[in-house]
Amino acid sequence: CGFMQEYMRREAETGRYSKIYLGVCERAAEGTPDTAFAEKGARITVDAPISRDLSSIILRKTDPEGKRAVTCVTVLDVSEDGQKILAAFSLKTGRTHQIRVHMSYKGWPLVGDTLYGINAVPRTGKPPLDETGNPKNSEGAHQLLHAWSAGYFQPFTGEPVRIICPVPAEFIQGFPGAFDASGTLTLNPSINQGKAAEKYAGFSPVVMAIGDGNHSL
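An account of the accompanying structure is given in this report. Because the structure is predicted, anything quoted here is derived from the model rather than measured. (Residues numbered from 1 in each chain as written. Predicted model: local features only at pLDDT ≥ 70, side-chain atom pairs only at ≥ 80, totals over all residues. Heavy atoms only, no water.)

Our next topic: unusual backbone geometry. For residues besides glycine, phi is generally negative; the peptide bonds are generally trans as well. With phi around 60 degrees, histidine 97 is a residue other than glycine that occupies positive phi space. For histidine 97, the location among the structural elements is in the loop between strand E6 (84-91) and helix H2 (98-105). A relative accessible area of 21% means that histidine 97 is categorised as partly exposed. (Helix = DSSP H or I, 4+ residues; strand = E, 2+ residues; numbered from the N terminus. Buried < 20%, exposed > 50% of the residue type's maximum accessible area, 1.4 Å probe, protein only.)

Here's what the structure looks like:
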């Protein structure tokens, strides 16, 4: 409704609304990927202005003359070969394609990002497996970026509420130790949210799992 929409907008402006994304990123084959992202538990703030790429109506790029863009990143897990990471993202600004542009800029684009990444991955929800136990190919593709958690204060009671949406199956297959079978994150991390995290210190928020984990951004 209009009331909640305006309430959440104001909460976001004051830092009382928290939204966390999860993503799987891969080390770029070209350039020099930032090695700080290869360390499990790393907490990194990417502060790099973003502007529209004038060669395209869709693409964005980092640009010293662009608008300020700040992304807080927490590396939750690293693959055994060190080529992929599971990361949590909290945005301090809301630029178009911000997470995608920032991670590509740092040499760790999102898996399946056809604009800023390397290769697309099958969008399967719960992928069928072949005889070797690996996912079969299927129609469609998407980047592995998922709106995982939203936290806010209930407007009438002031009670802190956190809504969690389990991740798609592709996340679980890549990092089986990070999730249970339902797609719920089991690492219980301290996620880098900048100063906004201080507003949630000491709270035991209400947790509601929604969806079936087959929806991602």
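Following the structure, the description resumes.
To describe a pair of aromatic rings, you give the distance between the ring centres and the angle between the ring planes. In this structure the tally under the stated criterion is 2 aromatic pairs. Their ring planes at 15 degrees and their centres at 6.3 Å tell us that phenylalanine 3 and tyrosine 7 sit as a pair that is stacked. A residue pair is termed a helical-turn pair when its members lie 3 or 4 positions apart in one helix, as phenylalanine 3 and tyrosine 7 do in helix H1 (residues 2-13) at 4 residues. The partly exposed category is assigned to phenylalanine 3, whose relative accessible area is 44%. (Phe/Tyr/Trp six-rings, centres within 6.5 Å; stacked < 30°, edge-to-face > 60°.)

As a further point, take a nonpolar patch on the surface. A cluster of nonpolar side chains, contributed by Ile57, Ile58 and Leu115, occupies part of the molecular surface with about 290 Å² of accessible area. Within the secondary structure, isoleucine 58 sits in the loop between strand E3 (50-52) and strand E4 (60-62). (Patch = residues over 30% accessible without salt bridge, like charges linked within 9 Å, V, L, I, M, F, W, Y side chains within 5 Å. Areas by Shrake-Rupley, 256 points an atom, 1.4 Å probe, with all protein chains shown as cover. Salt bridge = Lys/Arg side-chain N within 4 Å of Asp/Glu carboxyl O.)

Mapped onto the fold, alanine 181 is located in the loop between helix H3 (169-174) and strand E11 (206-209). Alanine 181 gets classed as exposed once you look at its relative accessible area, which sits at 82%. Spatially, the C-alpha atom of alanine 181 lies 8.9 Å from that of alanine 169, the residues being 12 residues apart in sequence.

Our next topic: the pattern of salt bridges. With the rule as written, the count across this model stands at 7 salt bridges. The shortest N-O distance in the salt bridge between glutamate 6 and arginine 9 comes to 2.5 Å. Taken together, the residues glutamate 6 and arginine 9, both in helix H1 and 3 residues apart, mark about one turn of the helix. Glutamate 6 gets classed as partly exposed once you look at its relative accessible area, which sits at 29%. Where aspartate 47 meets arginine 68, a salt bridge forms, and the shortest distance between an N and an O atom there is 2.6 Å. Here aspartate 47 is found in strand E2 (residues 43-47), whereas its partner arginine 68 is found in the loop between E4 and strand E5 (70-78), with 21 residues between them in sequence.

Moving on, we get to the environment of threonine 74. In this structure, threonine 74 sits in strand E5. Residue threonine 74 is classed as buried on the basis of its relative accessible area of 3%. Expressed as a C-alpha distance, the spacing of threonine 74 and alanine 88, which sit 14 residues apart in the sequence, is 5.1 Å.

Within H2, 6 of the 8 residues are buried, which leaves the element mostly enclosed by the surrounding structure. Here H2 has its buried residues at Gln98, Ile99, Arg100, Val101, His102 and Met103. Just downstream of H2, glycine 107 is the residue with a positive phi angle, here 85 degrees.

Right, let's get into the side chain of serine 79. Position of serine 79 among the secondary structure elements: in the loop between E5 and E6. Among the residues examined, serine 79 registers a relative accessible area of 17% and is labelled buried. Polar contacts involving the side chain of serine 79 include one to the side chain of aspartate 81, which spans 2.6 Å. One polar contact links the side chain of serine 79 to the main-chain amide nitrogen of glutamine 83, over a distance of 3.2 Å. (Polar contact = N/O pair within 3.5 Å; in protein donor to acceptor, adjacent residues only side chain to side chain.)

Turning to H1, a few remarks are in order. Here H1 is 12 residues long and its end C-alpha atoms lie 17 Å apart, about the 16 Å a rise of 1.5 Å per residue gives. Looking at H1, one finds that the buried residues are Tyr7, Met8 and Glu11. Around the axis of H1, the buried residues are gathered within 95 degrees of arc, so they sit on the same side. Exposed side chains of H1 directed beyond 90 degrees from the buried face belong to Gly2, Gln5, Arg10 and Glu13. On its buried side, H1 packs onto strand E9 (145-153). Of the residues trailing H1, glycine 15 is marked for its positive phi of about 80 degrees. (Expected span 1.5 Å × (residues − 1). Arc of directions from axis to C-beta. Contact = heavy atoms within 4.5 Å.)

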